[in-house]
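Working through the structure, step by step
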Amino acid sequence: MINLNNLLHNLKLQLSAQLPEAINTAFEESIHDLKKQRIGESAHKPGDTLPSFTLPNTKGELINSDQLLLENDKLIIAFFRGGWCPYCNLELKALHDVLPQIKAKKAALVAISPQLIEKSVSMSADNPFTFDILWDKNNKYAKELNIAFDLQASVVRYYQQLGIHLGEYNGNEENSLPIPAVFVMDKNKTVTFSFIDADYTERVNIEELLNSL
């Protein structure tokens with residue numbers, strides 16, 4: 001099994017070496033500030049009941065969580081920031097690699113992002129994922145789960161310098177993003193596993209996720 005943590009660590013080193021010191025410092029301070037604000041600490045935890053969702057995929061089809069749970073024993077919901085995020089891309093690829101093992105355990109997987117459907121279509125063209133990528137317009141569902149936050153203005157300008165314009169990706173004037181969280185829920189919509197970390201460079205342990213199914 002590919003070690004996602006090692007890939008993330010190497011990516012972090014590479015990006016830190018490539019980016020100007022001011023940007024690295026701003027990103028680190030942003031993460032520290034989110035943790036100080038305790039972003040994500042009020043999110044759903046194991047034992048809580050997740051609300052249902054109906055969201056469009058890249059084909060424009062409406063995907064309903066209740067229907068997925070009728071067809072599967074468990075449902076994995078992975079929130080990601082957008083195709084512009086290299087850490088998100090590594091995580092999605094890692095999840096794609098273990099999809100046969102997920103299905104073998106009678107579980108389904110969906111990934112949810114606030115980015116527009118056409119952005120997800122473009123991302124999927126480069127990375128042909130075989131699970132649904134869903135559009136959470138304006139982070140509505142992420143807000144229900146208490147994992148959405150507003151990116152600090154001090155960091156937004158650096159994103160824009162790097163060519164990342166969240167308004168273009170998400171189709172709104174907000175700079176709102178979801179924490180890259182992962183939830184597993186059972187047929188009763190009860191959370192049986194969750195990973196929530198305001199530090200976007202940290203991601204779910206794939207082996208722990210599989211063992212939770």
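See above for the structure.
First things first, this report covers the structure right here in the doc.

Parameters and conventions
- Residues numbered from 1 in each chain as written.
- Predicted model: local features only at pLDDT ≥ 70, side-chain atom pairs only at ≥ 80, totals over all residues.
- Heavy atoms only, no water.
- Pairing = 2+ DSSP bridges.
- Helix = DSSP H or I, 4+ residues; strand = E, 2+ residues; numbered from the N terminus.
- Axes fitted to C-alpha atoms, helices over the stretch in contact; angles between N-to-C directions.
- Buried < 20%, exposed > 50% of the residue type's maximum accessible area, 1.4 Å probe, protein only.

Notes on the sheet that holds strand β4 (residues 107-113)
- Read from one edge of the open sheet, five strands run β5-β4-β3-β8-β9, paired in mixed fashion. The outermost strands of the open sheet, each flanked by one partner alone, are β5 (132-135) and β9 (191-195). Direction aside, the axes of adjacent strands within the sheet are offset by 20 degrees on average.
- In the sheet, strand β3 (residues 74-79) pairs with strand β8 (residues 182-186) via five bridges, with the strands oriented antiparallel. Among the inter-strand pairings, Leu-75 is bridged to a residue of β8, identified as Met-185.

Brief notes about the pairing of β4
- When you tally the buried positions in β4, you get seven out of seven residues, the bulk of the element.
- Alternating positions in β4 separate into two faces, Ala-107, Leu-109, Ala-111 and Ser-113 on one and Ala-108, Val-110 and Ile-112 on the other, with burial throughout.
- For β3 and β4, the ladder comprises six bridges, and the chain directions are parallel. Within the sheet, the bridge partner assigned to Phe-79 lies in β4 and is Ile-112.

What about unusual backbone geometry?
- You will see that Asn-146, though not glycine, has its phi angle at about 65 degrees, which is positive.
- By the element assignment, Asn-146 lies in the loop between α7 (140-144) and β6 (148-150).
- Its relative accessible area of 35% is what places Asn-146 among the partly exposed residues.
- Look at Lys-189: it is not a glycine, yet its phi comes out positive at around 65 degrees.
- Exposure remark for Lys-189: the relative accessible area of 25% places this residue in the partly exposed category.

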